[in-house]
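Listed below are the residues making up each chain.
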Amino acid sequence: MIEIRADDTGKRGVVIFRESLTVSNASETRTVMLDALGRYEELFLEVDGVPEVDLCGLQLLCAARRTGSNRSRRIVFSSQASAAFRLAAARAGGCFRRECGSGDDACPWQEGNR
């Protein structure tokens, strides 16, 4: 289950991931992230309860961050990542450890860095 909560202003949302971020639930993750990007200017992602992560899950979050940046939305991680998330991110590379957006030299989604 993925939960979305809004703050009092309605401009910020928190996306709470409580299940695996894997290819098996990629469709749900994509749908939730697109919905949240359409509703909020700023999103905080809580991934401290994620029990399993694969490259597909990481790519979905990275793509959401890129989409958010293109729509002038800000997406950041708001909690300590679970051990499974940290391991998957370490295996994938450094871009999942910080905020990204235009001008991020290490982001693999930036055209000059592919």
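Definitions and limits used
- Residues numbered from 1 in each chain as written.
- Predicted model: local features only at pLDDT ≥ 70, side-chain atom pairs only at ≥ 80, totals over all residues.
- Heavy atoms only, no water.
- Helix = DSSP H or I, 4+ residues; strand = E, 2+ residues; numbered from the N terminus.
- Buried < 20%, exposed > 50% of the residue type's maximum accessible area, 1.4 Å probe, protein only.
- Contact = heavy atoms within 4.5 Å.
- Phe/Tyr/Trp six-rings, centres within 6.5 Å; stacked < 30°, edge-to-face > 60°.
- Salt bridge = Lys/Arg side-chain N within 4 Å of Asp/Glu carboxyl O.
- Pairing = 2+ DSSP bridges.
- Right-handed = clockwise from strand over helix to strand, strands pointing away.
- Expected span 1.5 Å × (residues − 1).
- Polar contact = N/O pair within 3.5 Å; in protein donor to acceptor, adjacent residues only side chain to side chain.

Draft legend 1. Structural detail: the overall build of the protein chain. Along its length, the protein chain carries three helices and four strands. Each helix and strand of the protein chain, ordered N terminal to C terminal, gives the series β-β-α-β-α-β-α. By residue count, 39% of the 114 residues in the protein chain fall in the buried class. Residue pairs at least 24 apart in sequence account for 68% of intrachain contacts in the protein chain once pairs closer than 6 positions are excluded.

Draft legend 2. Quick look at the environment of Met33. Tracing the backbone through its elements, the reader meets Met33 in helix α1 (residues 26-39). As a C-alpha pair, Met33 and Val15 span 18 residues in sequence and 8.1 Å in three-dimensional space.

Draft legend 3. Fine view of the packing of aromatic side chains. Taken as a whole and assessed by the stated rule, the structure comprises one aromatic pair. Ring centres of Phe77 and Phe85 lie 5.5 Å apart, and the angle between their planes is 65°; this geometry places the pair in the edge-to-face category. For Phe85, a relative accessible area of 2% gives the class buried.

Draft legend 4. Region of interest: the pattern of salt bridges. Evaluation of the coordinates by the stated rule reveals six salt bridges. Its salt-bridge partner being Glu3, residue Arg5 comes within 2.6 Å of it at the nearest N-O pair. Take Arg5: its relative accessible area is 44%, and that puts it in the partly exposed class. Glu3 sits in the buried class, given a relative accessible area of 19%. A salt bridge links Asp35 to Arg39; the nearest nitrogen and oxygen atoms lie 2.8 Å apart. Within this pair, Asp35 and its partner Arg39 are both found in helix α1, separated by four residues, close to a single helical turn. A relative accessible area of 36% means that Asp35 is categorised as partly exposed. When its relative accessible area of 44% is taken as the criterion, Arg39 is described as partly exposed.

Draft legend 5. Spatial organisation of the pairing of strand β4 (residues 74-77). Judged from the four bridges that link them, strand β3 (residues 42-46) and β4 form a sheet pairing that is parallel. Looking across to β4, one finds that Leu43 is bridged to Ile75. Where the polypeptide runs from β3 across helix α2 (residues 55-70) and back to β4, its parallel neighbour, the crossover connection is right-handed.

Draft legend 6. α2, seen in detail. Taking 1.5 Å of rise per residue, 16 residues should cover 22 Å, and α2 covers 22 Å from first to last C-alpha, within 8% of that figure. Listed as buried for α2 are Gly57, Leu58, Leu60, Leu61, Cys62, Ala64, Arg65 and Gly68. Taken together, the buried residues of α2 touch β2 (12-17), α1, β3, β4 and α3 (83-92). Where α2 begins, the side chain of Asp54 points an oxygen toward the backbone nitrogen of Cys56, at a separation of 3.1 Å. A positive phi of about 60° marks Ser72, the residue just after α2.

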